[in-house]
Amino acid sequence: MAKRKKIALIGAGNIGGELARLCANTQLGDVILFDIPAKEKFAQGKALDLEQNSSVLGYDARITGTSKWEDVSGADVLIITAGIPRKPGQSRDDLVATNLPIIRDVANNAKKHCPDAFVIVISNPLDAMVYEYMRVTGCSKKKIAGMAGVLDSARFQLFLAREANVSIKDVRAMVLGGHGDDMVPVLSMCTINGVPATQFIAKDKMAQIIERTRKGGGEIVNLMGTSAYYAPASSAVAMAEAYLLDQKRLLPVASYLDGEYGYKDLFMGVPAIVGGEGVEKIVELPLTDEEKGMLAKSAASVQSVVDVVKKTPA
Ligand code: APR
(Lines give C-alpha, C1' and ligand atoms only; values in the text may rest on other atoms or scores of the structure.)
Protein backbone atom coordinates (compact mmCIF):
# COMPACT_ATOMS: atom_id res chain seq x y z
CA MET A 1 0.00 0.00 0.00
CA ALA A 2 1.35 3.43 -0.90
CA LYS A 3 1.91 5.60 2.14
CA ARG A 4 2.15 9.34 2.50
CA LYS A 5 5.64 10.66 3.22
CA LYS A 6 6.45 11.59 6.80
CA ILE A 7 7.86 15.04 7.48
CA ALA A 8 9.13 15.69 11.00
CA LEU A 9 9.49 19.29 12.13
CA ILE A 10 11.82 19.61 15.11
CA GLY A 11 10.73 22.81 16.80
CA ALA A 12 7.06 23.79 16.78
CA GLY A 13 7.56 27.54 17.12
CA ASN A 14 7.05 30.26 14.53
CA ILE A 15 8.90 28.61 11.64
CA GLY A 16 7.76 25.12 12.67
CA GLY A 17 4.10 26.16 12.57
CA GLU A 18 4.40 27.78 9.16
CA LEU A 19 6.32 24.75 7.87
CA ALA A 20 3.51 22.48 9.07
CA ARG A 21 0.88 24.63 7.37
CA LEU A 22 2.77 24.63 4.07
CA CYS A 23 3.58 20.89 4.11
CA ALA A 24 -0.04 20.02 4.84
CA ASN A 25 -1.57 22.50 2.43
CA THR A 26 0.64 21.36 -0.44
CA GLN A 27 -0.04 17.68 0.44
CA LEU A 28 3.68 17.04 0.73
CA GLY A 29 3.15 14.49 3.47
CA ASP A 30 1.99 13.80 7.02
CA VAL A 31 3.51 16.14 9.56
CA ILE A 32 4.96 15.51 13.01
CA LEU A 33 5.34 18.75 14.99
CA PHE A 34 7.94 17.96 17.64
CA ASP A 35 8.98 20.16 20.56
CA ILE A 36 10.38 19.80 24.10
CA PRO A 37 8.09 18.27 26.79
CA ALA A 38 7.25 21.72 28.22
CA LYS A 39 5.91 22.70 24.78
CA GLU A 40 4.20 19.40 23.90
CA LYS A 41 0.66 20.68 24.56
CA PHE A 42 1.43 23.79 22.50
CA ALA A 43 2.62 21.56 19.62
CA GLN A 44 -0.51 19.42 19.95
CA GLY A 45 -2.72 22.50 19.90
CA LYS A 46 -1.05 23.80 16.75
CA ALA A 47 -1.42 20.37 15.14
CA LEU A 48 -5.12 20.20 16.02
CA ASP A 49 -5.73 23.71 14.66
CA LEU A 50 -4.03 22.69 11.40
CA GLU A 51 -6.02 19.45 11.18
CA GLN A 52 -9.24 21.43 11.59
CA ASN A 53 -7.96 23.70 8.82
CA SER A 54 -7.89 20.64 6.53
CA SER A 55 -11.64 20.46 6.67
CA VAL A 56 -11.91 23.94 5.16
CA LEU A 57 -8.99 23.70 2.73
CA GLY A 58 -9.43 20.05 1.78
CA TYR A 59 -6.11 18.35 2.44
CA ASP A 60 -5.75 14.81 3.77
CA ALA A 61 -2.41 15.16 5.55
CA ARG A 62 -2.34 14.17 9.22
CA ILE A 63 -0.65 16.54 11.65
CA THR A 64 0.46 15.35 15.08
CA GLY A 65 2.07 17.27 17.95
CA THR A 66 4.51 15.41 20.18
CA SER A 67 7.59 15.57 22.40
CA LYS A 68 8.43 11.89 21.92
CA TRP A 69 11.23 10.96 19.56
CA GLU A 70 9.55 7.57 18.96
CA ASP A 71 6.87 9.48 17.01
CA VAL A 72 9.57 10.88 14.73
CA SER A 73 10.80 7.38 13.83
CA GLY A 74 11.08 6.64 10.15
CA ALA A 75 10.66 10.25 9.02
CA ASP A 76 11.54 10.82 5.35
CA VAL A 77 12.44 14.46 5.93
CA LEU A 78 13.55 16.22 9.09
CA ILE A 79 13.43 20.02 9.23
CA ILE A 80 15.17 21.46 12.28
CA THR A 81 14.24 24.84 13.75
CA ALA A 82 14.89 23.87 17.37
CA GLY A 83 16.59 26.71 19.18
CA ILE A 84 16.28 30.31 20.13
CA PRO A 85 15.72 32.99 17.50
CA ARG A 86 17.51 36.36 17.42
CA LYS A 87 16.39 39.42 19.31
CA PRO A 88 17.11 42.98 18.14
CA GLY A 89 20.81 43.78 18.38
CA GLN A 90 21.91 40.13 18.24
CA SER A 91 23.84 38.56 15.39
CA ARG A 92 23.20 34.97 14.36
CA ASP A 93 26.59 34.07 15.77
CA ASP A 94 25.48 35.34 19.21
CA LEU A 95 23.13 32.33 19.32
CA VAL A 96 25.89 29.73 19.22
CA ALA A 97 26.16 29.12 22.98
CA THR A 98 22.40 28.64 23.37
CA ASN A 99 21.70 26.67 20.23
CA LEU A 100 24.76 24.36 20.24
CA PRO A 101 23.52 22.06 23.06
CA ILE A 102 20.10 22.02 21.38
CA ILE A 103 21.42 20.89 17.98
CA ARG A 104 23.54 18.25 19.74
CA ASP A 105 20.48 16.94 21.58
CA VAL A 106 18.47 16.86 18.35
CA ALA A 107 21.30 15.19 16.40
CA ASN A 108 21.79 12.45 19.01
CA ASN A 109 18.09 11.61 18.97
CA ALA A 110 17.74 11.85 15.21
CA LYS A 111 20.69 9.50 14.74
CA LYS A 112 18.79 6.91 16.76
CA HIS A 113 15.27 7.42 15.44
CA CYS A 114 15.50 8.52 11.81
CA PRO A 115 19.04 7.99 10.49
CA ASP A 116 17.86 7.80 6.86
CA ALA A 117 15.96 11.09 6.72
CA PHE A 118 16.94 13.96 4.44
CA VAL A 119 17.80 16.68 6.94
CA ILE A 120 17.30 20.41 6.48
CA VAL A 121 18.72 22.60 9.23
CA ILE A 122 17.35 26.11 9.79
CA SER A 123 18.57 26.82 13.35
CA ASN A 124 21.19 29.57 13.63
CA PRO A 125 24.09 30.18 13.36
CA LEU A 126 23.16 28.07 10.37
CA ASP A 127 26.46 27.00 8.83
CA ALA A 128 27.89 25.96 12.20
CA MET A 129 24.71 24.18 13.33
CA VAL A 130 24.51 22.09 10.16
CA TYR A 131 28.22 21.24 10.52
CA GLU A 132 27.68 20.05 14.08
CA TYR A 133 24.63 17.99 13.12
CA MET A 134 26.69 16.11 10.54
CA ARG A 135 29.61 15.68 12.94
CA VAL A 136 27.38 14.18 15.66
CA THR A 137 25.32 11.92 13.41
CA GLY A 138 27.97 11.01 10.83
CA CYS A 139 25.25 11.21 8.18
CA SER A 140 26.09 11.23 4.49
CA LYS A 141 26.87 14.67 3.04
CA LYS A 142 24.14 14.08 0.46
CA LYS A 143 21.47 13.72 3.12
CA ILE A 144 21.99 17.04 4.84
CA ALA A 145 21.72 20.69 3.87
CA GLY A 146 21.27 24.01 5.57
CA MET A 147 18.53 26.40 4.52
CA ALA A 148 19.86 29.89 3.95
CA GLY A 149 20.66 30.48 0.29
CA VAL A 150 17.09 30.06 -0.94
CA LEU A 151 15.92 32.63 1.62
CA ASP A 152 18.78 35.08 1.09
CA SER A 153 18.29 34.82 -2.68
CA ALA A 154 14.54 35.40 -2.26
CA ARG A 155 15.28 38.59 -0.33
CA PHE A 156 17.77 39.72 -2.99
CA GLN A 157 15.29 38.94 -5.78
CA LEU A 158 12.50 40.90 -4.10
CA PHE A 159 14.62 44.02 -3.69
CA LEU A 160 15.83 43.72 -7.31
CA ALA A 161 12.27 43.32 -8.62
CA ARG A 162 11.05 46.35 -6.70
CA GLU A 163 13.97 48.54 -7.83
CA ALA A 164 13.76 47.46 -11.49
CA ASN A 165 9.95 47.63 -11.34
CA VAL A 166 9.54 44.19 -12.91
CA SER A 167 7.65 41.06 -11.91
CA ILE A 168 9.26 39.00 -9.16
CA LYS A 169 8.67 36.00 -11.45
CA ASP A 170 11.31 37.19 -13.91
CA VAL A 171 14.11 37.85 -11.44
CA ARG A 172 16.87 35.25 -11.11
CA ALA A 173 19.60 35.79 -8.56
CA MET A 174 21.75 33.76 -6.25
CA VAL A 175 23.29 34.46 -2.89
CA LEU A 176 26.15 32.21 -1.83
CA GLY A 177 28.48 31.87 1.16
CA GLY A 178 27.66 31.80 4.85
CA HIS A 179 24.31 32.91 6.29
CA GLY A 180 25.71 36.07 7.81
CA ASP A 181 26.49 39.67 6.98
CA ASP A 182 29.32 38.56 4.64
CA MET A 183 27.05 36.53 2.36
CA VAL A 184 27.83 36.84 -1.35
CA PRO A 185 25.16 38.06 -3.78
CA VAL A 186 26.50 36.85 -7.15
CA LEU A 187 25.98 39.83 -9.46
CA SER A 188 27.39 38.03 -12.49
CA MET A 189 24.48 35.53 -12.29
CA CYS A 190 21.77 38.07 -11.63
CA THR A 191 19.26 38.56 -14.47
CA ILE A 192 15.78 39.74 -15.31
CA ASN A 193 14.70 36.75 -17.39
CA GLY A 194 18.20 36.38 -18.86
CA VAL A 195 18.91 40.11 -19.27
CA PRO A 196 21.70 41.29 -16.92
CA ALA A 197 20.12 43.06 -13.94
CA THR A 198 22.83 45.72 -14.18
CA GLN A 199 21.03 46.94 -17.33
CA PHE A 200 18.05 47.89 -15.15
CA ILE A 201 19.70 48.97 -11.92
CA ALA A 202 22.37 51.64 -11.42
CA LYS A 203 25.58 50.76 -9.59
CA ASP A 204 24.84 52.78 -6.44
CA LYS A 205 21.33 51.33 -6.16
CA MET A 206 22.75 47.83 -6.62
CA ALA A 207 25.19 48.43 -3.79
CA GLN A 208 22.29 49.47 -1.53
CA ILE A 209 20.31 46.36 -2.51
CA ILE A 210 23.27 44.12 -1.72
CA GLU A 211 23.68 45.76 1.67
CA ARG A 212 19.95 45.42 2.43
CA THR A 213 20.06 41.74 1.40
CA ARG A 214 23.00 41.06 3.71
CA LYS A 215 21.13 42.64 6.60
CA GLY A 216 17.76 41.29 5.43
CA GLY A 217 17.19 39.03 8.43
CA GLY A 218 18.21 41.73 10.90
CA GLU A 219 15.82 44.25 9.33
CA ILE A 220 12.92 41.93 10.17
CA VAL A 221 14.24 41.16 13.66
CA ASN A 222 14.34 44.91 14.34
CA LEU A 223 10.77 45.34 13.12
CA MET A 224 9.20 42.28 14.81
CA GLY A 225 11.45 41.67 17.81
CA THR A 226 11.99 38.09 16.60
CA SER A 227 13.18 36.46 13.40
CA ALA A 228 11.31 35.95 10.16
CA TYR A 229 9.23 32.85 9.58
CA TYR A 230 7.10 32.93 6.44
CA ALA A 231 9.90 33.14 3.85
CA PRO A 232 12.24 30.85 5.85
CA ALA A 233 9.52 28.19 5.97
CA SER A 234 8.72 28.45 2.23
CA SER A 235 12.42 28.22 1.43
CA ALA A 236 12.85 25.00 3.42
CA VAL A 237 9.70 23.52 1.90
CA ALA A 238 11.11 24.22 -1.59
CA MET A 239 14.14 22.12 -0.58
CA ALA A 240 12.01 19.34 0.94
CA GLU A 241 9.85 19.26 -2.18
CA ALA A 242 12.92 19.05 -4.44
CA TYR A 243 13.99 15.95 -2.48
CA LEU A 244 10.63 14.23 -2.04
CA LEU A 245 9.53 14.82 -5.64
CA ASP A 246 13.01 14.24 -7.12
CA GLN A 247 12.81 17.60 -8.86
CA LYS A 248 16.56 18.00 -9.40
CA ARG A 249 16.30 21.73 -8.71
CA LEU A 250 19.37 23.92 -8.78
CA LEU A 251 19.15 25.72 -5.44
CA PRO A 252 21.66 27.61 -3.31
CA VAL A 253 21.92 25.48 -0.16
CA ALA A 254 24.45 25.17 2.65
CA SER A 255 26.33 22.05 1.57
CA TYR A 256 29.32 20.16 2.88
CA LEU A 257 32.34 21.27 0.87
CA ASP A 258 35.04 18.73 0.25
CA GLY A 259 37.32 20.74 -2.02
CA GLU A 260 34.61 22.48 -4.07
CA TYR A 261 35.30 26.21 -4.49
CA GLY A 262 38.64 25.52 -2.78
CA TYR A 263 37.15 24.80 0.69
CA LYS A 264 37.26 21.62 2.73
CA ASP A 265 35.36 20.38 5.79
CA LEU A 266 33.03 23.36 5.87
CA PHE A 267 29.33 23.97 5.20
CA MET A 268 28.59 27.01 3.11
CA GLY A 269 25.95 28.17 0.65
CA VAL A 270 26.68 26.99 -2.90
CA PRO A 271 24.47 26.07 -5.86
CA ALA A 272 23.55 22.40 -5.78
CA ILE A 273 21.24 19.99 -7.55
CA VAL A 274 18.68 18.79 -5.03
CA GLY A 275 16.75 15.67 -6.00
CA GLY A 276 15.74 12.23 -4.81
CA GLU A 277 19.23 11.41 -3.56
CA GLY A 278 19.46 14.64 -1.61
CA VAL A 279 22.26 17.08 -2.42
CA GLU A 280 23.21 15.26 -5.61
CA LYS A 281 25.86 17.56 -7.00
CA ILE A 282 27.51 20.84 -6.13
CA VAL A 283 27.69 23.15 -9.11
CA GLU A 284 30.85 25.24 -9.40
CA LEU A 285 30.27 28.68 -10.91
CA PRO A 286 32.90 30.73 -12.73
CA LEU A 287 33.09 33.50 -10.11
CA THR A 288 34.77 36.85 -10.74
CA ASP A 289 37.86 37.69 -8.67
CA GLU A 290 35.79 40.10 -6.59
CA GLU A 291 33.20 37.37 -5.87
CA LYS A 292 35.95 34.90 -4.98
CA GLY A 293 37.33 37.47 -2.52
CA MET A 294 33.89 37.95 -0.93
CA LEU A 295 33.43 34.18 -0.68
CA ALA A 296 36.80 33.86 1.06
CA LYS A 297 35.75 36.51 3.62
CA SER A 298 32.45 34.75 4.20
CA ALA A 299 34.18 31.36 4.57
CA ALA A 300 36.52 32.84 7.18
CA SER A 301 33.51 34.09 9.18
CA VAL A 302 31.86 30.67 9.03
CA GLN A 303 35.12 28.96 10.00
CA SER A 304 35.51 31.17 13.08
CA VAL A 305 32.10 30.05 14.42
CA VAL A 306 32.81 26.41 13.54
CA ASP A 307 36.08 26.72 15.49
CA VAL A 308 34.08 27.83 18.56
CA VAL A 309 31.79 24.82 18.09
CA LYS A 310 34.75 22.43 17.77
CA LYS A 311 36.28 23.78 20.99
CA THR A 312 33.04 23.41 22.98
CA PRO A 313 32.98 20.06 24.79
CA ALA A 314 29.92 17.88 24.15
N1 APR B 1 14.17 19.98 20.74
C2 APR B 1 13.09 20.40 20.04
N3 APR B 1 12.64 21.67 20.04
C4 APR B 1 13.32 22.56 20.77
C5 APR B 1 14.47 22.20 21.52
C6 APR B 1 14.90 20.84 21.48
N7 APR B 1 15.97 20.41 22.15
N8 APR B 1 14.93 23.31 22.13
C9 APR B 1 14.10 24.33 21.78
N10 APR B 1 13.12 23.88 20.96
C11 APR B 1 11.98 24.60 20.39
C12 APR B 1 11.43 25.71 21.29
O13 APR B 1 10.70 25.18 22.39
C14 APR B 1 10.58 26.52 20.32
O15 APR B 1 9.23 26.08 20.30
O16 APR B 1 12.31 25.31 19.21
C17 APR B 1 11.24 26.21 18.96
C18 APR B 1 11.78 27.44 18.26
O19 APR B 1 10.70 28.24 17.92
P20 APR B 1 10.73 29.83 17.98
O21 APR B 1 11.25 30.27 19.31
O22 APR B 1 9.38 30.34 17.56
O23 APR B 1 11.84 30.21 16.89
P24 APR B 1 11.70 30.29 15.30
O25 APR B 1 11.35 31.68 14.90
O26 APR B 1 10.86 29.18 14.81
O27 APR B 1 13.26 30.10 14.88
C28 APR B 1 13.96 28.91 15.18
O29 APR B 1 15.41 29.16 13.28
O30 APR B 1 15.85 30.95 11.84
C31 APR B 1 16.25 30.25 12.96
O32 APR B 1 17.39 31.93 14.22
C33 APR B 1 16.26 31.10 14.19
O34 APR B 1 17.56 29.56 15.47
C35 APR B 1 16.25 30.06 15.27
C36 APR B 1 15.39 28.96 14.68
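The preceding data block contains the structure.
Residues numbered from 1 in each chain as written. Predicted model: local features only at pLDDT ≥ 70, side-chain atom pairs only at ≥ 80, totals over all residues. Heavy atoms only, no water.

## Describing the state of the cysteines
Here is the rule: Disulfides are defined in this document as cysteine sulfur pairs within 2.5 Å.
By the definition in use, this model includes zero disulfides. The structure places no disulfide on C139, whose sulfur is separated from the nearest cysteine sulfur, that of C114, by 11 Å.

## A word on the sheet that holds strand β7 (residues 171-172)
Where strands meet in a sheet, backbone hydrogen bonds hold them as pairs that are either parallel or antiparallel. We count it as follows: For two strands to count as paired, DSSP must find a minimum of two bridges between them. Strands are runs of DSSP state E lasting at least two residues, helices are runs of H or I lasting at least four, and both sets are numbered from the N terminus onward.
Across the sheet, which stays open at both edges, the three strands sit in the order β7-β10-β11 with antiparallel pairing between neighbours. Each end of this open sheet is capped by a strand with a single partner; those strands are β7 and β11 (195-196). Here β7 runs beside strand β10 (residues 191-192); their pairing, made up of two bridges, is antiparallel. Counted as the bridge partner of V171 is I192 from β10.

## Topic: the packing of helix α3 (residues 96-113) against helix α9 (residues 289-311)
We apply this condition: Here the axes come from fitting lines to C-alpha atoms, over the contacting stretch only for helices, and the angles between their N-to-C directions go from 0 to 180 degrees. Each angle gets one of four labels, with under 35 degrees taken as roughly parallel, over 145 as roughly antiparallel, 65 to 115 as roughly perpendicular, and the rest as oblique. By the definition used in this description, the sense in which the near helix is turned from the far one sets the handedness, with an anticlockwise turn below a right angle giving left-handed and a clockwise turn giving right-handed. Two residues form a contact once any of their heavy atoms are found within 4.5 Å. Residues are grouped as follows: nonpolar covers Ala, Val, Leu, Ile, Met, Phe, Trp, Tyr, Cys and Pro; charged covers Asp, Glu, Lys and Arg; every other residue, Gly included, is treated as polar.
At a closest axis distance of 11 Å, the pairing of α3 and α9 adopts a crossing angle of 60°. Our classification of the angle between α3 and α9 gives oblique. Once α3 is placed against α9, the crossing between them reads as right-handed. Here V96, L100 and R104 of α3 come into contact with α9, specifically with V305, V308 and V309. Residues that form the contact of α3 with α9 fall into these classes: five nonpolar, no polar and one charged.

## Focus: the packing of helix α4 (residues 126-137) against α9
Two numbers describe how α4 lies on α9: the axes approach to 9 Å, and their chain directions differ by 45°. Put simply, α4 runs oblique to α9. Judged by the sense of rotation from one axis to the other, the crossing of α4 with α9 is right-handed. Here D127, A128, Y131 and E132 of α4 come into contact with α9, specifically with V302, V305, V306, V309 and K310.

## Notes on helix α8 (residues 230-244)
Here is the rule: By definition here, a helix of n residues has an expected span of 1.5 Å times n minus one. The buried label applies to any residue whose accessible area, calculated with a 1.4 Å probe on protein chains only, is under 20% of its type's maximum; exposed applies above 50%, and partly exposed to all values in between.
End to end, α8 covers 21 Å across 15 residues, agreeing with the expected 21 Å (1.5 Å per residue, within 8%). By the criterion of burial, α8 is predominantly enclosed, with eleven of the 15 residues buried. All of the buried residues in α8 are P232, A233, S235, A236, V237, A238, M239, A240, A242, Y243 and L244. Looking one or two places after α8, you find D246, whose phi comes out positive at around 45°.

## Focus on the site of the ligand
Here is the rule: The criterion for a residue being near a molecule or strand is simple. One of its heavy atoms has to lie within 4 Å of it. N or O atoms closer than or at 3.5 Å make up a polar contact, with two conditions inside protein: a donor-capable atom paired with an acceptor-capable one, and, for residues adjacent in sequence, both atoms drawn from side chains. A 1.4 Å probe and the Shrake-Rupley method give the accessible areas. Residues count as covered only by the protein chains that appear here. The definitions used throughout rest on a 1 Å grid laid over the protein atoms alone, on which a cavity is an enclosed set of points accommodating a 1.4 Å probe that cannot get out and a pocket is an open set flanked by protein within 12 Å on both sides along at least five of seven lines; lining residues are those having an atom within 4 Å of a point. Assignment of a molecule to a cavity or pocket requires that more than half of its atoms lie within 2 Å of the corresponding grid points.
Among the 23 residues in the neighbourhood of the ligand, the closest are listed as N14, I15, D35, T81 and N124. A distance of 2.9 Å separates an oxygen atom of the ligand from a polar backbone atom of I15. N99 is positioned such that a nitrogen or oxygen atom in its side chain is 3.5 Å from an oxygen atom of the ligand. Computed on the free molecule, the ligand has an accessible area of 730 Å², of which 89% lies beneath the protein chains in the complex. Assessed atom by atom at 2 Å from the grid points, the ligand resides in the largest pocket. Contributing elements (two or more residues each) for the shell around the ligand: α1 (14-25) and α3. Among the elements that take part in the shell around the ligand, α3 stands out by supplying four residues, more than any other. When grouped by side-chain class, the residues that make up the shell around the ligand number eleven nonpolar, nine polar and three charged.

## Quick look at the nonpolar core
Within soluble globular proteins, side chains that are nonpolar tend to cluster in buried spots. Threshold: To define a nonpolar core, start from buried Ala, Val, Leu, Ile, Met, Phe, Trp, Tyr and Cys residues and group those joined through side-chain atoms within 4.5 Å.
With 53 residues, the main nonpolar core has I10, V72, L78, I80, V121, Y133 and I144 as its most contacted residues. By residue number, the principal contributor to this core is α4, which donates eight residues. For V121, the residues in contact, after removing those within four places along its chain, are I80, I103, L126, M129, V130, Y133, I144, A145, G146 and M147. Counting 40 residues, the second-largest nonpolar core is a separate cluster that includes A12, Y59, F118 and A236.

## Digging into the layout of surface pockets
Taking a probe equal in size to a water molecule and rolling it over the atoms shows the remaining empty space. The cut-off we apply is this: Grid points are joined across faces, edges and corners, and a volume is the space filled by probe spheres set on the points.
Empty space within the largest pocket amounts to approximately 740 Å³. Lining the largest pocket are 38 residues, with T81, A82, G83, I84 and P85 positioned closest to its centre. Contributions of two or more residues to the lining of the largest pocket are made by α1, α3, α5 (149-164) and α7 (216-224). At four residues, α3 tops the list of elements feeding residues into the lining of the largest pocket. If you add up the space inside the second largest pocket, you get close to 420 Å³. Together, 19 residues line the second largest pocket, and V150, S153, Q157, R249 and L251 are the ones closest to its centre. Listed by contribution, the elements that provide at least two residues to the lining of the second largest pocket are α5, β7, α8 and β12 (249-258). Of the residues in the lining of the second largest pocket, the class split is twelve nonpolar, four polar and three charged.

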